[in-house]
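A structural walkthrough
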Amino acid sequence: MLVKGKVFVVTGGASGLGAETATHLVGLGGKVIMVDMNHELGTEMQHRLGEHSEFVKLDVTDESAVEQFYKNVAEKYGQLNGLINCAGIGPSAKVLGKNGIHDLAAFQKVLNINVTGTFNMLRFAADLISKYELKSGEEERGVIVNTASVAAYDGQIGQTAYSASKGAVVAMTLPLARELAQHAIRVMTIAPGIMETPMLKGLPEKVQEALGAMVPFPPRLAKPEEFAHLVGHIMENAYLNGEVIRLDGAIRMQPK
Ligand SMILES: NC(=O)c1ccc[n+]([C@@H]2O[C@H](COP(=O)([O-])OP(=O)(O)OC[C@H]3O[C@@H](n4cnc5c(N)ncnc54)[C@H](O)[C@@H]3O)[C@@H](O)[C@H]2O)c1
């Protein structure tokens, strides 16, 4: 699918991987609606990207707000061709930690944002994308890209909730791709390794360096642009479907 002239929703678009993806898709000629809870950063992004972008403050887990959001997208843009789900949180806590047993509400919060939020956004997106009228020469209506993590496969100590959430995102990829095939919609998931985003930049520099050195090649953190370029490629390569791509420099995370 050519990005130029197409309409995309990017969740978590105010920061990190989502912000870089929005920037890349606008650069390729797409129209991008960024959604995020962070109003300040989101508005900044909209100013930076200009007229082919829009920022909407939205909680991806809010059922009625998300439904209304897509009604507005349909009215304003008349079409949707892609959703890139980057909104997510990555806290860590041990099941048997220093301060006691893992809080159940904390576990549920991670699942709610990372899994339910992803699903809530994609179900309405699939509906709107399925209504896109194919033009002559076009073979696909749109593409949904979800963001998992290598923690879905090699989660570290303290990542039980996060790994469970990302494992769910990985697992939904194939059934979604199979079901949405009849609507000419593809579904892909990217499982990033250690990315240089605000989520990671909050860590002390020494820890960041040590994390980078653990990567076989290249021995550094991944750049958000590398994620954004992969999203761009997925959009353009119609044969990528129902698969999870690790974007991780061959890292396999150790227990801690
Ligand atoms: N940074 C990494 O190393 C890394 C590695 C693997 C996977 N990931 C995943 O990539 C995705 C993006 O991470 P990032 O590093 O860009 O993080 P980030 O913190 O820079 O961006 C995440 C964004 O999601 C938004 N968000 C959180 N909850 C939301 C909600 N309920 N509704 C709407 N927006 C919400 C936040 O406001 C934030 O702007 C996440 O799903 C994360 O789990 C990141």
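Residues numbered from 1 in each chain as written. Predicted model: local features only at pLDDT ≥ 70, side-chain atom pairs only at ≥ 80, totals over all residues. Heavy atoms only, no water.

Named according to an unreviewed UniProt entry, the protein is Ketoreductase domain-containing protein originating from Acinetobacter gerneri DSM 14967 = CIP 107464 = MTCC 9824. In UniProt, the protein has this text filed under Sequence similarities (unreviewed entry): "Belongs to the short-chain dehydrogenases/reductases (SDR) family." (UniProt positions renumbered as here; feature names shortened; annotations may be inferred.)

**Describing the pairing of strand β7 (residues 142-147)**
Among the 6 residues of β7, 6 are classified as buried, and the element is accordingly described as predominantly covered. By the alternation rule, side chains of β7 split into Gly142, Ile144 and Asn146 and Val143, Val145 and Thr147, which are all buried. With 4 bridges joining them, strand β4 (residues 82-85) and β7 adopt parallel strand pairing. The residue bridging Ile84 from the neighbouring strand is Val145, located in β7. The sheet contact formed by β7 and strand β8 (residues 185-192) spans 6 bridges and is parallel. Within β8, the position partnered with Val145 by the bridge is Met188. (Buried < 20%, exposed > 50% of the residue type's maximum accessible area, 1.4 Å probe, protein only. Helix = DSSP H or I, 4+ residues; strand = E, 2+ residues; numbered from the N terminus. Pairing = 2+ DSSP bridges.)

**Describing the layout of surface pockets**
By volume, the largest pocket is sized at about 1,200 Å³. Ile89, Gly90, Tyr162, Met199 and Leu200 are, among the 50 residues lining the largest pocket, the residues nearest its centre. Listing elements by their share of the lining of the largest pocket, those giving two or more residues are α1 (16-27), β2 (31-36), α5 (151-154), α6 (160-180), α7 (198-201) and α8 (205-213). Of the residues that constitute the lining of the largest pocket, the class distribution is 28 nonpolar, 16 polar and 6 charged. (1 Å grid on protein atoms, 1.4 Å probe; cavity = no way out; pocket = protein on both sides within 12 Å on 5 of 7 lines; lining within 4 Å. Points joined across faces, edges and corners; volume = space filled by probe spheres on them. Nonpolar A, V, L, I, M, F, W, Y, C, P; charged D, E, K, R; others polar.)

**A short note on the site of the ligand**
Neighbouring residues of the ligand: 26 residues in total, closest Ser15, Leu17, Asp36, Tyr162 and Thr197. In the model, an oxygen atom of the ligand is placed 2.5 Å from a nitrogen or oxygen of the Ser15 side chain. Taking 820 Å² as the accessible area of the ligand by itself, protein coverage stands at 91%. The site holding the ligand turns out to be the largest pocket. Listed by contribution, the elements that provide at least two residues to the shell around the ligand are α1, α6 and α7. Considering each element in turn, the shell around the ligand owes the most residues, 3 residues, to α7. In terms of residue class, the shell around the ligand is built from 15 nonpolar, 8 polar and 3 charged. (Near = heavy atom within 4 Å. Polar contact = N/O pair within 3.5 Å; in protein donor to acceptor, adjacent residues only side chain to side chain. Areas by Shrake-Rupley, 256 points an atom, 1.4 Å probe, with all protein chains shown as cover. Sits in = over half its atoms within 2 Å of the grid points.)

**Comments concerning the sheet that holds strand β1 (residues 7-11)**
Spatial strand order, β3-β2-β1-β4-β7-β8-β9: 7 strands in an open sheet with parallel pairing. If you trace the sheet from one side to the other, it starts and ends with β3 (53-57) and β9 (244-247), each paired once. Looking at each pair of strands side by side, their axes are set apart by 20° on average, direction ignored. In this structure, β1 lies alongside β2, joined through 5 bridges in parallel fashion. Bridge pairing in β2 links Phe8 to Val32. Here α1 sits on the sheet in contact with β1, β2, β3, β4 and β8, set at roughly 165° to β1. Its contacts with the sheet put helix α3 (residues 63-77) on β1, β2, β3 and β4, and the angle it makes with β2 is roughly 160°. (Axes fitted to C-alpha atoms, helices over the stretch in contact; angles between N-to-C directions. Contact = heavy atoms within 4.5 Å.)

**Some remarks on helix α4 (residues 104-129)**
Residues spaced three or four apart along an α-helix face the same direction, because each turn holds 3.6 residues. With 26 residues, α4 ought to run about 38 Å at 1.5 Å a step, and its terminal C-alpha atoms sit 36 Å apart, in line with that. Maximal helix bending in α4 amounts to about 35°, located at Asn112. (Expected span 1.5 Å × (residues − 1). Bend = angle between axes of the 7 residues up to and from the residue.)

**Some points on the packing of α1 against helix α9 (residues 224-236)**
Direction vectors running N to C along α1 and α9 enclose 50°, while the axes themselves pass 8 Å from each other. As summarised for this structure, α1 and α9 are arranged oblique, according to the angle between their axes. The two elements α1 and α9 meet at a crossing, and its hand is right-handed. Counted together, Gly16, Leu17, Glu20, Thr21, His24 and Leu25 of α1 and Pro224, Glu225, Phe227, Ala228, His229, Val231, Gly232 and Met235 of α9 form the full contact between these two elements. Residues that form the contact of α1 with α9 fall into these classes: 7 nonpolar, 5 polar and 2 charged. (Parallel < 35°, antiparallel > 145°, perpendicular 65-115°, else oblique. Left-handed = near helix turned anticlockwise from the far one by under 90°.)

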